[in-house]
Amino acid sequence: MGTLKLRRRRTALAAGLATLAMAAGLAAVPAQAVDKTKYIALGDSFAAGQGAGPYLDDCYRSENTYSELADEEKAIKLVVNAACSGKTTQDVVGSQLERLNKSTELVTITAGGNNLGFGSIVTACGTAIGDPSAAPACAKASADAAALITSGQLTNDVITMINSVQAAAPNAKIVVTGYPYLYDPVAPGQTDPMSLFIYQATDLANGLNWSIETAADMAGADYVDVRAAFAGHGINSATGEPWINLDLTNLASPDNFHPNAEGYEAYFDALNAEDVYSAP
């Protein structure tokens, strides 16, 4: 289903009702126009839609991402999904704010993972599972990321990004999302290499999400946690239904370690559950 366009459709009844009204000799009453919320999505690969395909450009933007799903809601008008793979919070500020203005009413942002070197951690630590010689590179990438979290640097980076968005779109509701666990957390006390890797990934995900949530609270933005929405659907899903990609026959695939189409449905559902896409 990852390549299918998962859109929510709603049946249009206006034409049929108008026909019935005329047949009954009644004057048709024009429907009231819906004032849709002007919405712009910002961020990295997890906002662009990487992992869900098919892709619109080299930013790995997909029509299966959560912002595109929201565009099917009657209250939402997606002006643009400006998100792009590989971008940091600094990149969001430097290259994604040009469409924001006083008329923008809603902005969602998923960013911060690349500030921690997401790609380097996945590459080094994924390799270390089967190759002990890669363990030092994994340890360094993880330690560098942990230092950015514990020092408060990541929180400050996210605050700066939110403040920049607020300045560019002063009338908008700003919502920042967290990230899912790539692997479902495992029981404590395991000593095998895979479990040790998952412990490390879980700790970093918790630190990343804590930093983003703290920044949102301090900057006056809303935060939506998506971890519960993905529960049971990590790469190691016990039900065999992962919503995070990992193609072991193609470890170089850019889709790996990103949500599939069902995963972006989960992002959408988490946002929708918090009334992010409801009419004001």
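Sequence positions are assigned chain by chain, starting from 1 and proceeding in written order. Per-residue local features are limited, in this predicted model, to residues with pLDDT of at least 70; the limit for side-chain atom pairs, both in listing and counting, is 80 or more; totals at the level of whole chains, interfaces and linings are taken over all residues. Where side-chain values are given, they derive from all heavy atoms of the structure, hydrogens and water being excluded.

Visitor: Give me the lowdown on the layout of surface pockets, citing residues and values where you can.
Guide: Cavities and pockets were defined on a 1 Å grid built from protein atoms only: a cavity is a group of points that admits a 1.4 Å probe but offers it no way out, a pocket is an open group of points flanked by protein on both sides within 12 Å along at least five of seven lines, and a lining residue is one with an atom within 4 Å of any such point. Grid points are joined across faces, edges and corners, and a volume is the space filled by probe spheres set on the points. Reported here for the largest pocket is a volume of approximately 480 Å³. The element that contributes the greatest number of residues to the lining of the largest pocket is helix α5 (residues 118–130), accounting for seven residues. Lys, Arg, Asp and Glu make up the charged group, whereas Ala, Val, Leu, Ile, Met, Phe, Trp, Tyr, Cys and Pro make up the nonpolar group; the residues left over, Gly among them, are polar. When its residues are assigned to classes, the lining of the largest pocket shows 10 nonpolar, 12 polar and no charged. Each helix is a run of DSSP H or I of at least 4 residues and each strand a run of E of at least 2, with the numbering of both proceeding from the N terminus.

Visitor: How would you explain the packing of aromatic side chains if you had to name every residue and give the values?
Guide: Between 30 and 60 degrees the pair is tilted, below 30 it is stacked and above 60 it is edge-to-face, where a pair is any two Phe, Tyr or Trp rings, Trp via its six-membered ring, whose centres lie within 6.5 Å. What the rule picks out here adds up to 10 aromatic pairs. A ring pair is formed by Phe-46 and Phe-118, whose centres lie 5.9 Å apart and whose planes are at 85°; its orientation type is edge-to-face. Remark: Phe-118 occurs in helix α5 and Phe-46 occurs in helix α2 (residues 45–48); sequence separation between them is 72 residues. For the exposure calls, accessible area comes from a 1.4 Å probe over protein chains only, and a residue counts as buried if that area is under 20% of its type's maximum, exposed if over 50%, partly exposed in between. Taking the relative accessible area as the measure of exposure, Phe-46 reaches 3% and is therefore buried. Grouped by ring-pair contacts, the aromatic residues Tyr-66, Phe-230, Trp-243, Tyr-264 and Tyr-267 constitute a single cluster.

Visitor: Describe the nonpolar core, and please don't skip the residues or the numbers.
Guide: Counting residues in each nonpolar core, the largest one holds 73 residues, and the members touching the most others are Tyr-39, Leu-42, Tyr-66, Ile-109 and Tyr-277. With eight residues, helix α8 (residues 193–219) is the largest single contributor of residues to this core. Should any heavy atoms of two residues lie within 4.5 Å, those residues are counted as being in contact. When neighbours within four sequence positions are excluded, Ile-109 is seen to be in contact with Leu-42, Gly-43, Tyr-66, Met-161, Val-165, Ile-174, Val-175, Val-176 and Thr-177. Among buried residues, those of type Ala, Val, Leu, Ile, Met, Phe, Trp, Tyr and Cys that are joined through side-chain atoms within 4.5 Å constitute a nonpolar core.

Visitor: For the state of the cysteines, give the residues involved together with the corresponding values.
Guide: Defined by distance alone, a disulfide is two cysteine sulfur atoms within 2.5 Å. With the rule as written, the count across this model stands at two disulfides. Paired by a disulfide, Cys-59 and Cys-84 hold their sulfur atoms 1.9 Å apart. On the sign convention where negative means left-handed, the S-S torsion of about -85° between Cys-59 and Cys-84 marks this disulfide as left-handed. With a gap of 25 residues between them, Cys-59 in the loop between α2 and α3 (66–70) and Cys-84 in the loop between β2 (76–81) and α4 (89–95) connect regions that are remote in the sequence. We classify Cys-84 as buried; its relative accessible area is 10%. Disulfide partner of Cys-125: Cys-138, at an S-S distance of 2.1 Å. Looking along the S-S bond of the Cys-125-Cys-138 disulfide, the torsion reads about 95°, which is the right-handed sense. Separated by 13 residues along the polypeptide, Cys-125 in helix α5 and Cys-138 in helix α6 (residues 135–150) bring together distant segments of the chain.

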